[in-house]
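Listed below, chain by chain, are the residues.
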Amino acid sequence: MSMFTQVTHQLMSTPALAIVLTLVAYLIALRLFHRLHDPSWAPPLLTGSCLLALVIALLPMDYQQYSHQALWLTLLLGPATVGLAVPLFEQFLHIRQLLIPVLVTLVTGGLVASATTVGVAWALGLSPEILESLAAKSVTTPIAVVITSGLGGMASLTAGIVTITGILAAAITPPLARLLRCDDPRVMGFAMGINGHGIATARAFTLSPRSGAFSSLAMGLNGAFSAVVLPLLAHWLG
Amino acid sequence: MLAGFSWLMLYLVIGNLVQGITGAPVAGSVLGMLLLLITLLIGGRVSTSLIDASRSLIHYFSLLILPSSTGIFFLGATIGPIWWKLALSILIGTLVSVCVSLLVMRTMVNWQERREQRRGEVS
């Protein structure tokens, strides 16, 4: 066993190395994101994941070991998810003003986002485990990961799918909205938040503050709605 | 900040408790979020400490998810042969649901505004 391998094994016996690697990958990804003037096609989550995967592949440790040690960070997703109640509460004024449009769009949009994707995947003959990992694709990642684990899918696959979906929704919603003459900032923002969660919400804020507010509202509502409805649907259909 | 964080952890524990007791197929953290939202709506206001705690945690969501999302690069054997089917499902699913959400939201907003206008004319 080489000296290097031995030292790495020593370091991997505590979570410190895994946490430092994650923090550094995130900070580099964040700096890159700002350097490129905040492009929606390269969110820090995507570039950070690439960087981190590269480092794990180069070091003599496997992903299982890493993710086990990084649990110290992942555990904070619990209180962070609970914390989503606060912005949701702050956005509640908008819900009250447009209660019926918001609820109708939430239910149809949230269900269609999941059903069409799972439907196409099912028609292409993908396995149940993959279908379960796809169901929460439009939901904000922390909630999506929780939903997928509950359904029995692969959480890391979902995290990747959610990121890709967010980038796609952020890119296609504004041109589609112009094409379909739906460029009211409230309409466009709400569609972005339902389909593209935080990544599309960040993009919506660059278009107009109103779009951003409606997008974050839609993201939070869809997270709560899907987290309750998808497991129940899977339970009844399963 | 610390008080706010404690509240978040407390609601997480309550959420887990409710999940354990009812056996609901919904995550404890999501139940905790819904319970906190209900509490805030009943109380009608939110403390600065809770705002600080939730803002700082939400600000670092990407960081907290990074360990999970990195896993996609180590799923090669699982998704290698099916990647194009996955990509096609995501593309079609997102395209359809973006169009549906845009059209439904526009129709509903127009409907509500026409209704309010009519109501304005009557009164």
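Note that the structure is a prediction, hence the values are computed from the model and not measured.

### Concerning the overall build of chain A
Here is step 1 of the chain: Looking only at helices and strands, one finds 14 helices and 0 strands in chain A.
Here is step 2 of the chain: For chain A, whose C-alpha radius of gyration is 19 Å, the value lies close to the compact-globule estimate of 18 Å for 238 residues.
Here is step 3 of the chain: Counting contacts in chain A only where the partners sit at least 6 residues apart, residues at least 24 apart contribute 63% of the total.
Here is step 4 of the chain: Counting 9 positive and 7 negative side-chain charges, chain A places the centres of these two groups 13 Å from one another.

### Remarks on the overall build of chain B
Here is step 1 of the chain: Summing up its helical and strand segments, chain B has 6 helices and 0 strands in all.
Here is step 2 of the chain: Along chain B, helices and strands appear, N-terminal first, in the series α-α-α-α-α-α.
Here is step 3 of the chain: When the 123 residues of chain B are sorted by exposure, 41% land in the buried category.
Here is step 4 of the chain: In chain B, 49% of the contacts between residues at least 6 apart in sequence involve partners at least 24 apart.
Here is step 5 of the chain: Accessible surface, chain B: about 6600 Å² in total, of which carbon and sulfur atoms supply 68%.
Here is step 6 of the chain: Seen as two clouds, the 8 positive and the 4 negative side-chain charges of chain B have centres 9 Å apart.

### Considering the domain arrangement of chain A
Residues and elements named next belong to chain A.
Here is step 1 of the chain: Per the domain assignment, the segments making up chain A are domain 1 (1-61) and domain 2 (75-237).
Here is step 2 of the chain: Taken together, the contact between domain 1 and domain 2 spans 5 residues of the former and 6 residues of the latter.
Here is step 3 of the chain: On inspection of domain 1 and its partner domain 2, the count reaches 0 salt bridges.
Here is step 4 of the chain: Run the count over domain 1 and domain 2 and you get 0 residue pairs in polar contact (both at pLDDT 80 or more).
Here is step 5 of the chain: Residues of the side of domain 1 that touches domain 2, tallied by class, amount to 4 nonpolar, 1 polar and no charged.

### Overview of the domain arrangement of chain B
Here is step 1 of the chain: As far as domains go, chain B holds domain 1 (1-79) and domain 2 (81-122).
Here is step 2 of the chain: Taking the mean C-alpha position of each, domain 1 of chain B and domain 2 of chain B sit 28 Å from one another.

### Side note on the UniProt feature "transmembrane region" (unreviewed entry) in chain A
Residues and elements named next belong to chain A.
Here is step 1 of the chain: Under the local residue numbering, the UniProt record ascribes the feature "transmembrane region" (unreviewed entry) to residues 12-33, 45-63, 69-89, 98-123, 143-171 and 213-237.
Here is step 2 of the chain: Along residues 12-33, the helical share is 82% and the strand share 0%, with 29 Å between the first and last C-alpha atoms.
Here is step 3 of the chain: The distance from the first to the last C-alpha atom of residues 213-237 is 35 Å, and the span holds 100% helix and 0% strand.

### Topic: the side chain of Thr81 of chain A
Here is step 1 of the chain: By the secondary structure assignment, Thr81 of chain A is in helix α6 (residues 77-83).
Here is step 2 of the chain: A distance of 2.6 Å separates the side chain of Thr81 of chain A from the backbone oxygen of Leu77 of chain A, its partner in a polar contact.

### Comments concerning the nonpolar core
Here is step 1 of the chain: Ranked by internal contacts, the top residues of the largest apolar core, which has 97 residues, are Leu157 and Phe190 of chain A together with Leu86 of chain B.
Here is step 2 of the chain: Setting aside residues no more than four positions away along its own chain, Leu86 of chain B makes contact with Leu126, Ile130, Leu134, Leu157 and Ile161 of chain A together with Ile79 of chain B.

### Overview of the packing of helix α3 (residues 44-58) of chain A against helix α4 (residues 61-70) of chain B
Here is step 1 of the chain: Running from N to C, α3 of chain A and α4 of chain B point in directions that differ by 50°, and their axes come no closer than 9 Å. Between α3 of chain A and α4 of chain B, the angle falls in the class oblique. As for how α3 of chain A packs across α4 of chain B, the hand of that crossing is right-handed. On α4 of chain B, the residues touching Leu45, Gly48, Ser49, Leu52, Ala53 and Ile56 of chain A of α3 of chain A are Ser62, Ile65, Leu66, Ser69 and Thr70 of chain B.
Here is step 2 of the chain: For the contact of α3 of chain A with α4 of chain B, the per-class residue count stands at 6 nonpolar, 5 polar and no charged.

### Here we look at unusual backbone geometry
Residue and element names in this part refer to chain A.
Here is step 1 of the chain: A positive phi angle is found at Arg181, which is not glycine, with a value near 55°.
Here is step 2 of the chain: By the secondary structure assignment, Arg181 is in the loop between α12 (155-179) and α13 (185-207).
Here is step 3 of the chain: What makes Arg181 exposed here is its relative accessible area of 68%.

### Some points on a nonpolar patch on the surface
Residues and elements named next belong to chain B.
Here is step 1 of the chain: On the surface, Trp7, Leu10, Ile14, Val18, Leu35, Ile38 and Ile42 cluster together to form a nonpolar patch covering roughly 620 Å² of accessible area.
Here is step 2 of the chain: Residue assignment for the nonpolar patch shows that the elements contributing at least two residues are α1 (2-22) and α2 (28-43).
Here is step 3 of the chain: Tallying contributions element by element places α1 first for the nonpolar patch, with 4 residues.
Here is step 4 of the chain: With respect to the secondary-structure elements, Trp7 resides in helix α1.

### Observations concerning the packing of α13 of chain A against helix α14 (residues 209-237) of chain A
Residue and element names in this part refer to chain A.
Here is step 1 of the chain: Interaxial distance between α13 and α14 falls to 6 Å at its minimum, and their mutual angle equals 70°. Viewed along their axes, α13 and α14 adopt a mutual orientation that is roughly perpendicular.
Here is step 2 of the chain: Within the contact of α13 with α14, the residues separate by chemical class into 15 nonpolar, 10 polar and 2 charged.

### Section: the confidence of the model for chain B
Residues and elements named next belong to chain B.
Here is step 1 of the chain: Looking at chain B, the pLDDT average stands at 88 and 98% of residues meet or exceed 70.
Here is step 2 of the chain: Of all secondary-structure elements in chain B, the lowest mean pLDDT belongs to helix α5 (residues 76-79), at 72, while α1 reaches the highest, 94.
Here is step 3 of the chain: Complex prediction metrics read pTM 0.79 and ipTM 0.84.

### Here's the deal with the UniProt feature "transmembrane region" (unreviewed entry) in chain B
All names here are of chain B.
Here is step 1 of the chain: Feature annotation in UniProt places "transmembrane region" (unreviewed entry) on residues 30-48, 60-84 and 90-109, given in this structure's numbering.
Here is step 2 of the chain: Strand forms 0% of residues 60-84 and helix 64%; the C-alpha atoms that close the span are 32 Å apart.
Here is step 3 of the chain: A helix fraction of 100% and a strand fraction of 0% characterise residues 90-109, whose end C-alpha atoms lie 28 Å from each other.

Cut-offs and rules
- Residues numbered from 1 in each chain as written.
- Chains lettered and ligands numbered in written order.
- Predicted model: local features only at pLDDT ≥ 70, side-chain atom pairs only at ≥ 80, totals over all residues.
- Heavy atoms only, no water.
- Helix = DSSP H or I, 4+ residues; strand = E, 2+ residues; numbered from the N terminus.
- Rg over C-alpha atoms; globule rule 2.2 N^0.38 Å.
- Contact = heavy atoms within 4.5 Å.
- Lys, Arg positive; Asp, Glu negative; His and termini not counted.
- Charge placed at Lys NZ, Arg CZ, Asp CG, Glu CD.
- Buried < 20%, exposed > 50% of the residue type's maximum accessible area, 1.4 Å probe, protein only.
- Areas by Shrake-Rupley, 256 points an atom, 1.4 Å probe, with all protein chains shown as cover.
- Domains from an automatic or database assignment.
- Salt bridge = Lys/Arg side-chain N within 4 Å of Asp/Glu carboxyl O.
- Polar contact = N/O pair within 3.5 Å; in protein donor to acceptor, adjacent residues only side chain to side chain.
- Nonpolar A, V, L, I, M, F, W, Y, C, P; charged D, E, K, R; others polar.
- UniProt positions renumbered as here; feature names shortened; annotations may be inferred.
- Core = buried A, V, L, I, M, F, W, Y, C linked by side-chain atoms within 4.5 Å.
- Axes fitted to C-alpha atoms, helices over the stretch in contact; angles between N-to-C directions.
- Parallel < 35°, antiparallel > 145°, perpendicular 65-115°, else oblique.
- Left-handed = near helix turned anticlockwise from the far one by under 90°.
- Patch = residues over 30% accessible without salt bridge, like charges linked within 9 Å, V, L, I, M, F, W, Y side chains within 5 Å.
- pLDDT = per-residue confidence, 0-100.

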